[in-house]
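Each chain, letter by letter, is given below.
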Amino acid sequence: MFELIWPLIIVVGSNIIYNICTKSTPSNVNAFGTLAITYIIGALVSFLIFIYMVKPENVLTELSNINWTSIDLGIAIVGLEVGYIYMYRAGWKISTGSLVANICLACSLLIVGVLLYKEHISITQILGIIVCSVGLILITR
């Protein structure tokens with residue numbers, strides 16, 4: 001059970017910190033400048049943990065296994081980060097901005113799961129999309 005819970009705790013805890021930081025980013029700071037520093041720190045932390053986990057002698061072997069997903073993920077992360085910064089700068093509240101974005105994401109990923117991964121969508125999930133849609137209308141009014 002802990003194997004299922006600890007990643008969720010990391011995602012939720014990190015998202016709380018993430019949204020506080022993006023909401024608190026000064027409006028007079030260039031969004032891409034602040035992201036550059038963010039990614040330098042993130043890259044450094046990731047690389048140090050990577051070296052620790054694979055041992056220095058295995059770094060090149062591990063790096064040779066990387067494919068296109070790392071490049072696309074990097075581009076997607078920039079879009080995600082700058083989207084949140086500009087969303088908060090546009091006036092979204094921290095209590096609703098992330099909620100609206102994540103509800104839209106969850107509903108979209110249901111469709112992606114069906115179209116790209118041949119996942120089954122249940123009546124309950126369709127009802128969930130409808131409830132989320134109603135919730136979005138209520139939250140954004």
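Structure's up top.
Bear in mind the structure is a predicted one, so any value in this text is a computation, not a measurement.

So what's going on with the packing of aromatic side chains? Residues and values would help.
If you walk through the whole model with that rule in mind, you get three aromatic pairs. Between Tyr18 and Tyr84, the ring centres sit 5.2 Å apart and the planes meet at 90 degrees, which makes this aromatic pair edge-to-face. Note that Tyr18 is positioned in helix α1 (residues 2-24) and Tyr84 in helix α4 (residues 68-89), a separation of 66 residues in sequence. We classify Tyr18 as buried; its relative accessible area is 16%. Judged by its relative accessible area of 7%, Tyr84 is buried. Pairing Tyr84 with Tyr88 gives two aromatic rings, centres 6.1 Å apart and planes at 35 degrees, and the pair type is tilted. With a gap of four residues between them, Tyr84 and Tyr88 both fall in helix α4, about one helical turn apart. Tyr88 matches Tyr84 in its accessibility class, with the two residues each being buried. Ring pairing ties together the aromatic residues Tyr18, Tyr84 and Tyr88, which thus form one cluster.

Which residues make up the packing of α4 against helix α5 (residues 94-117), and what values go with them?
Viewed as axis vectors pointing N to C, α4 and α5 meet at an angle of 135 degrees, and their least axial separation amounts to 10 Å. As summarised for this structure, α4 and α5 are arranged oblique, according to the angle between their axes. The handedness of the crossing between α4 and α5 comes out as right-handed. Facing α4, whose interface residues are Tyr84, Met87 and Tyr88, α5 presents Ile94, Gly97, Ser98, Ala101 and Asn102. Grouping the amino acids of the contact of α4 with α5 by side-chain chemistry returns five nonpolar, three polar and no charged.

Report on the environment of Ser108, specifying residues and quantitative values.
For Ser108, the location among the structural elements is in helix α5. Separated by 32 residues in sequence, Ser108 and Ala76 place their C-alpha atoms 15 Å apart.

Cut-offs applied
- Residues numbered from 1 in each chain as written.
- Predicted model: local features only at pLDDT ≥ 70, side-chain atom pairs only at ≥ 80, totals over all residues.
- Heavy atoms only, no water.
- Phe/Tyr/Trp six-rings, centres within 6.5 Å; stacked < 30°, edge-to-face > 60°.
- Helix = DSSP H or I, 4+ residues; strand = E, 2+ residues; numbered from the N terminus.
- Buried < 20%, exposed > 50% of the residue type's maximum accessible area, 1.4 Å probe, protein only.
- Axes fitted to C-alpha atoms, helices over the stretch in contact; angles between N-to-C directions.
- Parallel < 35°, antiparallel > 145°, perpendicular 65-115°, else oblique.
- Left-handed = near helix turned anticlockwise from the far one by under 90°.
- Contact = heavy atoms within 4.5 Å.
- Nonpolar A, V, L, I, M, F, W, Y, C, P; charged D, E, K, R; others polar.

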